[in-house]
Protein chains: 2
Amino acid sequence: MAMSIQQYLAEHREQHLSQLLDFLRIPSVSTSSKHKPDVRKAAEWLADTMKQAGIENVKIMETEGHPVVYGDWLHAPGKPTALVYGHYDVQPAEPLDLWETPPFEPEIRDNKIFARGATDDKAQLYLHIKAVEAYLNAEGSLPVNIKFCFEGEEEIASPNLSPFLEKHREMLKAEMIVISDGPMYSREQPSICIGLRGLCGFEIEVKGPRSDLHSGLYGGGVANPITALIQLVASMRNEDGSIAVEGFYDHVSAPSEAIRKSYEALQDNEQKTADELGVPKLYGEAGYSFMERTTLRPTLELNGILGGYQGEGIKTVLPSSALAKMSCRLVDQQDPDEIFDLIEAHIEKHKPEGVTVQLIRRDRGKPYTIAPDHPYIEAAAKAYEAGFGQKPVFIQSGGSIPIVEVFSRLLNAPVVMLDLGLPGENMHAPNEHFHLENYDKGLITICSFWDEVHSQG
Amino acid sequence: MAMSIQQYLAEHREQHLSQLLDFLRIPSVSTSSKHKPDVRKAAEWLADTMKQAGIENVKIMETEGHPVVYGDWLHAPGKPTALVYGHYDVQPAEPLDLWETPPFEPEIRDNKIFARGATDDKAQLYLHIKAVEAYLNAEGSLPVNIKFCFEGEEEIASPNLSPFLEKHREMLKAEMIVISDGPMYSREQPSICIGLRGLCGFEIEVKGPRSDLHSGLYGGGVANPITALIQLVASMRNEDGSIAVEGFYDHVSAPSEAIRKSYEALQDNEQKTADELGVPKLYGEAGYSFMERTTLRPTLELNGILGGYQGEGIKTVLPSSALAKMSCRLVDQQDPDEIFDLIEAHIEKHKPEGVTVQLIRRDRGKPYTIAPDHPYIEAAAKAYEAGFGQKPVFIQSGGSIPIVEVFSRLLNAPVVMLDLGLPGENMHAPNEHFHLENYDKGLITICSFWDEVHSQG
């Protein structure tokens, strides 16, 4: 990485950070209709910032939902073209009372930036823009061709990205897709993620009586929708913590010996993790370590449940309905639509009496993996070594970026995940933050990666 | 019942109804600290109205919580003294959006008064005041001695009534307690309630990680508090709908043949009930009819559940806690504190791993029964025949008025439940109402009851 680039980044660091805080101030919560104008504002802010960085052909491209921001710089003939993807939308900030400082009033303290979207994904995508700006200002050109595709619907499972990719396949054509949207293994141990879990999100709604009933006058005589719901959902799990939905594991192979060994080498301290999370002990499917359970094994998780009286104290109602919000993380060859069908069949088989049950299919995304010896992964490994001073390990992530698989399939190119976040940065939770040390190391890693790819030819 | 009294009530009907609407306008929600001044206002309104009716010694008596309104008329020497109990507090009105007209803007339509508290218990206690007013204005005296004790905490399980009764035992001394706070069997079939279920209300809270976690990064690795909660609660019920908490039925005898026979005679139409409630079919403990399940059998009911994400769509969190709001209806010799202990033991035995569980004991009340051949019950039967034109049947109610048992025990006197509501009047639910036909028939029933008791000597 050229000295001139390092110097440019150092000289503009304060200004760049201040600009990033402006980005974080925009509450671009994609799931909330109330925040629709803010999502648009974030797209416009991003387009302006890309233009200022020297990126060409910047445009805000409409979809059925929130827009995609595109831009490119394509003046490195004979060199590979990379498509950098990121998302400028963020998760809802609730529960607000658990934030130490307001989620959309970013604050730097303890060398971290606190704000909703700090690590997921605003700072990470911002680093890619600043890397390009540094090249163009310090060197006048980039070592490779780069296209940018930033979407505003990742946190609602990218409903319009697939059609967008299909429609603009030619414009987006690239030799690789690069995404920075997750955490590395630890502060001490950089890593490259070579796999992601898939996802299917759904709701199960149980409806009983037309309106809430007095539990004294009707209790015992009418099926209680909450009871029906919890019995149904409880039936989806075996005593050993495994999932009891018939066929759920049909397309799941045992984890490879290679990845299990690499995990053993990491010597994960499970008691330390339990203490950090504030739980008496870690718990999950028998026969697998914490790291294996959270990255190599599928899950069926309750994300939310509601029904009946929600206020203070007790209200003796027999409620008219109950709702569970659930999601599965998927691995290997599991397909979200097939899993939906299996859950539907399970509901049919265990249908509670005296109520009606509906499965509402929501988000879906397939699992993804890439070989650790792929040339671009090898380039990434060298880049991390340059940025973080040590070789990265290969891991699989438990999270889902459904569009990784979509990109790979629709653009027919490998996806390189250049994660620059750290674990414990409270993605999707109160007090989300991003470490400033990774701001600096991340810029070096990105620039080194482009240099490595350039060298490969 | 004297013609003069009937005439007085007829002449003042419109004025009395208008005054009742004023009472219903006061949002005396006892569970809500926000409404504390309204509860006080209702007590003051009631005291004024009692004084205007000619009731003597009216006073607002302080407790640790909301006050008791007392009054009496004791100028019938040699005749029994009755203590009339009622409550001027009401349930919360939520969910507000399901009310056709606002809960505290009473409206008369279809010959019914719609308002929160209409049937539970404001109209019913109001009828007792108006009956006394009619006697005193038309005849100058009452056929019996009457004391009034109206509380403002029935909907929060009367936490201060027991100490009040103990402290004022002498003042409240009576040969019987009369309570109108429930529905009769049906519009076509008046009834006398000779039994009530007891109640114990509680919350089960499950705590997991210190804060909400990303379900992708931690899912499968950490116990999910909602999953732990629903598995624990699901374990409290057997497949046949009976309750699996060990020892739960230990003090429950089989219903008497007499009451089962009287129920059979009522020929309850279960399909009609299911249709009215909007459920595919009625459901509950095997081996018992709907009426038996809702009045003679104990229950374990979920009144509310909450945990994790509660907004629109899916948010992939692994929540930090989950809470179930539950209550049992108790019968026969079941004791709420014993039941709490059994539930605590069940939780201990089925304690989920990786989380902490807490049982929070809330409301409690014992079951109550009275013999159908008690002289005051026989007087009540004649009074209903006078008011409604047909003999009442004897039933047990599934609801709980814990203070019925408390009154009976602390004042050592039988409780006569002179219910004047009708089923389907949405007690504790949106669009609560009271039928005006029972307003008129109820006044005749109350006056006839005092006449019958007078005749007994």
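All values derive from a computational prediction rather than experimental measurement.

Rules used in this analysis
- Residues numbered from 1 in each chain as written.
- Chains lettered and ligands numbered in written order.
- Predicted model: local features only at pLDDT ≥ 70, side-chain atom pairs only at ≥ 80, totals over all residues.
- Heavy atoms only, no water.
- Buried < 20%, exposed > 50% of the residue type's maximum accessible area, 1.4 Å probe, protein only.
- Helix = DSSP H or I, 4+ residues; strand = E, 2+ residues; numbered from the N terminus.
- Arc of directions from axis to C-beta.
- Contact = heavy atoms within 4.5 Å.
- Phe/Tyr/Trp six-rings, centres within 6.5 Å; stacked < 30°, edge-to-face > 60°.
- Lys NZ or Arg CZ within 6 Å of the ring centre and 35° of its normal.
- Pairing = 2+ DSSP bridges.
- Axes fitted to C-alpha atoms, helices over the stretch in contact; angles between N-to-C directions.
- Least-squares fit on C-alpha atoms with pLDDT ≥ 70 in both.

1. Concerning helix 1 (residues 3-11) of chain B
All names here are of chain B. Taken residue by residue, helix 1 has Ile5, Tyr8 and Leu9 as its buried positions. Taken down its axis, helix 1 places every buried residue within 95° of arc, on the same side. More than 90 degrees from the buried face of helix 1, the exposed residues found are Met3, Ala10 and Glu11. Of the surrounding secondary structure, the elements contacted by the buried residues of helix 1 are helix 2 (13-25), helix 4 (118-138) and helix 15 (436-456).

2. Structural notes on the packing of aromatic side chains
Counting across every chain of the model gives 17 aromatic pairs over all chains. When the ring of Phe148(A) is compared with that of Phe150(A), the centres are 5.6 Å apart and the planes differ by 45°; the resulting orientation is tilted. Look at Phe148(A) and you get buried, because its relative accessible area is 1%. Look at Trp45(B) and Tyr126(B): their rings are 6.4 Å apart centre to centre, the planes differ by 35°, and that puts the pair in the tilted class. Of this pair, Trp45(B) sits in helix 3 (residues 36-53) while Tyr126(B) sits in helix 4, and the two are 81 residues apart along the sequence. In this structure, Trp45(B) and Tyr126(B) share a single accessibility class: buried. The structure contains a cluster of three or more aromatic residues connected by ring pairs, namely Phe23(A), Trp45(A) and Tyr126(A). The aromatic ring of Phe114(A) is capped on one face by Arg109(A), whose charged end is 3.8 Å from the ring centroid. Stacked on the ring of Phe23(A), the Lys or Arg Lys122(A) has its end atom at 5.1 Å from the ring centre.

3. Remarks on the sheet that holds strand 5 (residues 112-114) of chain A
All names here are of chain A. Within the open sheet, the 3 strands sit side by side as 4-5-18. Their pairing is antiparallel. Only two strands of the sheet have a single neighbouring strand rather than two, namely strand 4 (107-109) and strand 18 (433-435). Within the sheet, the average angular offset between the axes of one strand and its neighbour, ignoring direction, is 25°. Here strand 4 runs beside strand 5; their pairing, made up of 3 bridges, is antiparallel. Residue pairing for strand 5: Glu107 is matched across the bridge by Phe114. Its contacts with the sheet place helix 4 (residues 118-138) against strand 5 and strand 18, and it is angled at close to 45° to strand 18. Sitting on the sheet, helix 15 (residues 436-456) is in contact with strand 4, strand 5 and strand 18, with an inclination near 55° to strand 18.

4. Observations regarding the relation of the copies chain B and chain A
One copy of the chain maps onto the other through a rotation about an axis plus a displacement along that axis. You can overlay chain B on chain A at an RMSD of 0.2 Å; the transform is a turn of 180° with a shift of 0.1 Å along its axis. The superposition of one copy onto the other is thereby described by a two-fold rotation axis. Residue Leu306(B), judged by its C-alpha, is the member of chain B lying nearest the rotation axis, at 2.3 Å. Take the interface residues of chain B: 100% of them recur as interface residues in chain A, which is what a same-surface contact looks like.

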